[in-house]
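# Structure assessment
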Amino acid sequence: MRVPLSWLREYVDMSLPPDELAHRLTMAGVEVGDVIEIGSWDGCVVGQVLSVRPHLQADRLSLCQVATGVDQLEVVCGAPNVAPGQKICFARVGAVLYNTHTGRHEELKAARIRGVVSEGMICSELELGLGEGHEGIVVLPEDAPLGVPLDDYMGDTILELELTPNRLDCLSILGTAHEVAALTGKAVAHPEVAYPEGGPAVGDGVSISIADPDLCRRYTATVIRGISIGPSPAWMQERLTRAGVRPINNVVDVTNYVMLEFNQPLHAFDYQRVKERTVIVRRARPGESLTTLDGVERRLTSNILVIADANDPIGLGGVIGGANSEIGPDTTDVLLESATFDGPNNRETAQSLRLRTEATLRFEKGLRPELAPIALRRATQLIQQLAGGIVDQGIVDVFPGQEDSIKPVLLSAGKLKRVLGMDLEIGEAQRVLESLGFDCQLTGESSLLATVPYWRNDISIEEDLVEEVVRIVGYDSVPTTMLSTPIPYHQARPMTRLVAQVKDLLASAGMQEVINYPVISLEDLQRVVRDDEVTLPLRLSNPMNAEQAYLRPTLRASLLSTLAVNQGHGEGPFRLFEVGRVFNPRNGELPEERETAAGVLAGRRAETSWLTADGLLDFYDAKGVVDSVLGRLGVSATYEPAEDPSFAPGRCARVLADGTTLGVLGELHPGVISAFDLNAPQVSLWELDIDALSGAVHDTTREFQSLSRYPVATRDLALLAPSDVPEARIEQIMSQSRIVTSVELFDVYTGENVPEGSKSLAFHVNFQSRDQTLTAELVNRALDGILRNLERQVGASLRS
Amino acid sequence: MPESITQSIETLVHNALAELGEAHDSQTLDQWRVAYLGRRGRLTTILRGLSQLDLEERRAAGALGNKAKRSLEEHLDRRESEIRQVQLDRSAELDRLDVTLPGRPLSMGRLHPTTQVIREITSAFTAMGFSIVEGPEVEWDKYNFEMLNIPQGHPARDMWNTVWVDYQNESGERPMLLRTHTSPMQARVMEATKPPVRVIVPGKCYRYEATDATHEWHFYQVEGLAVDEGITFADLKGTLYEFARRLFGEERRVRFRCDYFPFVEPGVDMSIDCFACDGEGTSGCRICRDSGWIEIMGAGMVHPRVLAGVGYDTEKYTGFAFGLGPERIAMLKYGIDDIRLFYSNDLRFLRQF
Ligand SMILES: [Zn+2]
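Residues numbered from 1 in each chain as written. Chains lettered and ligands numbered in written order. Predicted model: local features only at pLDDT ≥ 70, side-chain atom pairs only at ≥ 80, totals over all residues. Heavy atoms only, no water.

### A look at the pattern of salt bridges
Inspection of every chain in the model, using the stated rule, returns 69 salt bridges over all chains. A salt bridge links R119(B) to D504(A), with the nearest nitrogen and oxygen atoms 2.7 Å apart. Taken together, the positions of R119(B) in helix α5 (residues 113-126) and D504(A) in helix α15 (residues 494-508) put the pair across two chains. According to the relative accessible area criterion, R119(B) is partly exposed, its value standing at 27%. Among the salt bridges present, the one from R252(B) reaches D278(B), with a minimum N-O distance of 3.3 Å. With a gap of 26 residues between them, R252(B) in the loop between α8 (233-248) and β6 (254-258) and D278(B) in the loop between β7 (264-273) and β8 (293-302) connect regions that are remote in the sequence. One connected set of salt bridges, linked through shared partners, spans R167(A), D169(A), E179(A), R456(A), D458(A), E468(A) and R471(A). (Salt bridge = Lys/Arg side-chain N within 4 Å of Asp/Glu carboxyl O. Helix = DSSP H or I, 4+ residues; strand = E, 2+ residues; numbered from the N terminus. Buried < 20%, exposed > 50% of the residue type's maximum accessible area, 1.4 Å probe, protein only.)

Following this line, the structure appears as structure tokens:
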């Protein structure tokens, strides 16, 4: 909403500097986004063209004698519309203006143009910063005072309001005036409305009915006959322009003017084109259509409210008029409508037709029905003043929704105290509310009943009044206290803690956290999961773009895309992880959101260094991360070979704990590497379901083991085992011995001296007892048992 | 005792010590020891010559000789350790490390700046008795809007451009969406809990909005809610003031102005005085754009309709709610000028935090 201060001052005596006013409004909830100055035309005055004669050396230029109030100067002018007698905007030499040739603001110099010295300039809109036009000069009204500085005559300041949806009232100049009045301690003067009614009784000339009162609470109208259509006067055009509305003709301009003044959208029909002088407010009928004022033919549905004459729709109620009843140059009689339409329905119509107008902007927020006749009379008065004509007697006022008007609202000092935590006299509240236009009646020592002014639609409960009071007295006057109520007991959500723990552990394992959008394309998804494994992921109706249309059921695709982007900037090492939700659709319910962690490792194992650490990150680096994190969480995971389309055959493991799958780990399939444009020869990836992990974390069962007082005995064991026996199985067999405390694999070897189909594994095996020093005999006996079990269970034997 | 013997011992000691002072390595020391103290050394030779003296004289000269011997031995020891020290120093000099060479690189992981800032924010509130809860990112219209006093067709819905999920229920409605704020958890928490309530809700939110340097369609919010008997706007001020000091420094001042969110009444937003220019608003401050103040969060007293909607007794309970954007806080704290950097995950950005 653009509020020209020159217009605002018509209703409220306001002398604050614009910036100070803007600040006060903003603090009170009417945010001023910008303060636009119109003017700063130093050296410009209202001038008058005394004579115009052709320039001898140039056809399109003329030489003008201009009176400035103090002297007469000769000026060269190129505008076709310059004429003797015109009042014009005259810039003396030295004025700073927009130069249409250089595109900059420059000081105006005396210039010799085709042999004649021009001692100033007659300005166009562009040079004054008033608009884009520079073909013609600005012609001022005849009564413009000669010689007066242009700033004084037509300078202005415009407040650009950025309103929250509740402050409908400030979409009008008068509504804003009430706000300003309350903030500056001034009173508001509403325009006086009175006009002669020389015509017949209005009811004789028009019949109006509301067929669907749920969508139209009130419909008021007047008829004005014998008007003449023409341009509206300059002052009205100027105000409309500054408020951002394009002038059209006197009748349409009045409806817009009153809308800006009072907030009530109005519509003028050509009375002669309303068939049978009948207006019916009703829902559209099946098959009906209407060509609206913007020239578009619109097919109507029964949700749309129309204004119809005896036969057809002639307008969309509260949205836009119909071309079939439009005011034209030949219109002589006007039916003027000022009605109250239902907000939600109006909004729905505007959305379904993609047609948001100045009218719907207001109606959708719910205008008060009290406003309709007030604005109607004001507009009738102005039309009669500006376009002539005779007004029918009285107004039509159909008001089926009279019963449910906003009731007065009670406010007590107790409520103020309870909500704000401050003591405020009810008299103080009354003073504030009255300054905003509320009508207050004290109903006791410490309460009042406030009647909400008709321009406000946002006040219906006591808390609303509390806000009215505090936003005007200012939030600084409220004390600052700390919560004094007891802290509620709360059992922390274990998942929140676990997610934080997992993130910390991954970071300490050298992984960098990334956060991706949770949306992916179906193509990317199909690159990392087996088709038969996924039910179709949830799709967005209005994704930001086609590549982000599905809610991800896995973190893999996003993480690989992020890796690809970063591989463009360096060679690694890349150790990236993400902890986020994946979304599994459920029938008729919100999707299951599972906390998931995933990581990707690629590139060199270490940063470039003079201390060499060779090699590329591989499967076992990834496994090291997963195993360390799980181990730190107290989860003893097992890994078993698995097949997964994301991973290279034979290079993928399922991660399990207590028989439950926690996730997957592996080196990517070359096809996946190329599908995601990854440039490492090998990329390792893991994904863990944190929800599943939480089931495997037994925090409460963690128990202290006392430290053994007896020494550790270590034996080295070199074994020969069939190649297909997993190493984990061998460790497991060794660990079954009661006195084995740990097993450390230190070498794996195949090749020379190892028979085909076998592998050599070397271990440190540590023995320790809780209750005695182990003798060599005890250790040897245990070792013999282990070797027997290995032989029997997996065919492994001591390497000779 | 003949003068000559005393004399020659003294001379010998004098010469020996002078020579010792010139010895700089163990080899020279060895030669010196042999020359003076060896079995055929000069002192021994002198002492051996004593045999020609009478007993009395021999005893006196012997004592003198032994004293000289002990003295020379002590000097030898001292000199030996001096030389060893010098040699040690010299070899250390040769093995000196270039301490400016880079250390062995260790892979250090980091948390995303958003995670770090969320932790900073939530810990400020948990210190004031707030508990962390989380909610679903995919929500129903009911929780995202309706229970927050934003019914269907309410013009305030324009404040949250919504990304909708392609889902239709049996009545033909399409009520599934990506939550536009963390506020739905206000309704969910109160629905599930009897008062008192004091929670903080971090989480992802989504808006159907074009992205630019200050707008992301995917972002985080941290929501707060405190409901109990006797909670007032003054408590809201105190809590948020304390938060501002914890995050931005003890000297911070805060300012509240009227703002509108349908689920609070009264509604405000809170600014802190600019930490870059100390609230001076002097020209050219990029952080506060010369206003001296920086808006950091929206807040207000929980709307009675929201309380009533979850079955709370509005005559008994009051509360406040607030919400803020961790990315904005991070941008302010670290001087980041483009929000899109957060989720494009460029390591050159992430590694700065
Ligand atoms: Zn600043």
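So that's the structure; there's more coming.
### Quick word on the pairing of strand β36 (residues 660-668) of chain A
Residue and element names in this part refer to chain A. Counted residue by residue, β36 has seven buried out of nine residues, so it is predominantly covered. Bridging between strand β35 (residues 647-657) and β36 involves seven bridges; their strand directions are antiparallel. Looking across to β36, one finds that A653 is bridged to L665. Turn length for the β35-β36 hairpin, with the two strands adjacent in sequence and antiparallel, is two residues, and the turn residue D658 shows positive phi of about 50°. Looking at chain direction, β36 and strand β37 (residues 683-689) are connected through five bridges and run antiparallel. Opposite G663, over in β37, you have L688 as the bridge partner. (Pairing = 2+ DSSP bridges.)

### Here's the deal with the domain arrangement of chain A
Residue and element names in this part refer to chain A. Per the domain assignment, the segments making up chain A are domain 1 (2-39 + 157-184), domain 2 (44-154), domain 3 (202-404), domain 4 (409-477), domain 5 (494-699) and domain 6 (713-798). The C-alpha-based centres of domain 3 and domain 4 are spaced at 36 Å. Listed by partner, the interface residues are seven residues for domain 3 and five residues for domain 4. Among the residues domain 3 hides against domain 4, the three largest losses belong to R368, L371 and I374. Together they make up 67% of the total. At the junction of domain 3 with domain 4, the criterion picks out five residue pairs in polar contact (both at pLDDT 80 or more). Split into classes, the residues belonging to the side of domain 3 that touches domain 4 amount to three nonpolar, one polar and three charged. (Domains from an automatic or database assignment. Contact = heavy atoms within 4.5 Å. Buried area = accessible area lost by both parts, 1.4 Å probe. Polar contact = N/O pair within 3.5 Å; in protein donor to acceptor, adjacent residues only side chain to side chain. Nonpolar A, V, L, I, M, F, W, Y, C, P; charged D, E, K, R; others polar.)

### Side note on helix α5 (residues 173-184) of chain A
Residue and element names in this part refer to chain A. With twelve residues, α5 should cover 16 Å at 1.5 Å per step; its first-to-last C-alpha distance of 16 Å lies within 8% of that length. With eleven of twelve residues buried, α5 lies mostly within the body of the structure. Looking only at α5, the buried set comprises I173, L174, G175, T176, A177, H178, E179, V180, A181, A182 and L183. Sitting at the amino-terminal end of α5 is S172, which places a side-chain oxygen 2.9 Å from the backbone nitrogen of G175. Backbone geometry just after α5 places G185 at a positive phi near 75°. (Expected span 1.5 Å × (residues − 1).)

### Side note on the domain arrangement of chain B
Per the domain assignment, the segments of chain B are domain 1 (3-94) and domain 2 (113-350). The centre of domain 1 of chain B, based on its C-alpha atoms, is set 90 Å off from the matching centre of domain 2 of chain B.

### Describing the layout of surface pockets
Residues and elements named next belong to chain A. One number sums up the size of the second largest pocket: a volume of about 1,100 Å³. Forming the boundary of the second largest pocket are 30 residues, of which K623, Y639, P726, E727 and A728 lie nearest the centre. The greatest single-element share of the lining of the second largest pocket, amounting to five residues, is contributed by helix α21 (residues 727-735). Class assignment of the residues belonging to the lining of the second largest pocket gives a composition of 14 nonpolar, four polar and twelve charged. (1 Å grid on protein atoms, 1.4 Å probe; cavity = no way out; pocket = protein on both sides within 12 Å on 5 of 7 lines; lining within 4 Å. Points joined across faces, edges and corners; volume = space filled by probe spheres on them.)

### What about the confidence of the model for chain B?
All names here are of chain B. In the predicted model, chain B carries a mean pLDDT of 91, and 99% of its residues have values of at least 70. In the model of chain B, helix α3 (residues 42-48) stands out as the element of lowest mean pLDDT, 79, in contrast to strand β2 (residues 138-140), which has the highest, 98. The ipTM assigned to the predicted complex is 0.87, against a pTM of 0.85. (pLDDT = per-residue confidence, 0-100.)

### A word on the pairing of strand β14 (residues 207-210) of chain A
Residues and elements named next belong to chain A. Alternating residues of β14 divide into I208 and I210, all buried, and S207 and S209, none buried. Across four bridges, the pairing between β14 and strand β17 (residues 278-283) is parallel. Bridge pairing in β17 links S209 to I280.

### Quick word on unusual backbone geometry
In this model, P195(B) is joined to P196(B) through a cis peptide bond whose omega is 5°. As for its position among the elements, P196(B) is in the loop between α7 (184-192) and β4 (197-206). Between E265(B) and P266(B) the backbone carries a cis peptide bond, its omega angle lying at -5°. Relative to the assigned elements, P266(B) resides in strand β7. Even without glycine at this site, N753(A) takes up a positive phi of about 70°. Structurally, N753(A) can be placed in the loop between β39 (740-749) and β40 (758-767).

### Structural notes on empty space enclosed by the protein
All names here are of chain A. Under the definition given, this model contains five cavities of 30 Å³ or more. Put simply, the largest cavity is a space of about 60 Å³. At three residues, helix α14 (residues 462-473) tops the list of elements feeding residues into the lining of the largest cavity. Looking at side-chain class alone, the lining of the largest cavity contains two nonpolar, three polar and seven charged residues.

### Details of the interface of chain A and chain B
At the interface, 87 residues of chain A touch 97 residues of chain B. The junction of chain A with chain B conceals about 7,700 Å² of combined surface from both sides, 57% of it contributed by carbon and sulfur atoms. Of all residues in chain A, the largest losses of buried area upon contact with chain B belong to R418(A), L483(A) and I515(A), amounting jointly to 10% of the total for that side. Here chain A is connected to chain B by seven salt bridges. Here R539(A) makes a salt bridge to D166(B), at a shortest N to O gap of 2.9 Å. Connecting chain A to chain B are 45 residue pairs in polar contact (both at pLDDT 80 or more). Across the side of chain A that touches chain B, the residue classes tally to 39 nonpolar, 24 polar and 24 charged.

### Here's the deal with the sheet that holds β39(A)
All names here are of chain A. Pairing in this open sheet of four strands is antiparallel, and the strands run β39-β40-β38-β41 from one edge to the other. Only two strands of the sheet have a single partner each, and these edge strands are β39 and β41 (797-798). Both strand β38 (residues 713-722) and β40 contribute to a ladder of ten bridges, which runs antiparallel. Residue L717 lies in a different strand from β40, and its bridge partner there is F763.

### Some words on the sheet that holds strand β1 (residues 2-4) of chain A
Residue and element names in this part refer to chain A. Taken in spatial order, the three strands of this open sheet run β1-β13-β2, and their pairing is antiparallel. Across the chains shown, the open sheet's two edge strands, defined by having one partner strand only, are β1 and β2 (31-38). Between one strand axis and the next, the sheet turns through 25° on average, direction left out of account. By the bridge criterion, seven bridges tie β2 to strand β13 (residues 156-162) in an arrangement that is antiparallel. Along β13, the bridge assignment pairs D34 with E160. Against the sheet, helix α2 (residues 18-27) makes contact with β2 and β13, and its axis sits at roughly 165° relative to β2, the strand it touches most. On top of the sheet, helix α7 (residues 234-243) reaches β1, β2 and β13; it is set at about 140° to β1, its chief contact. (Axes fitted to C-alpha atoms, helices over the stretch in contact; angles between N-to-C directions.)

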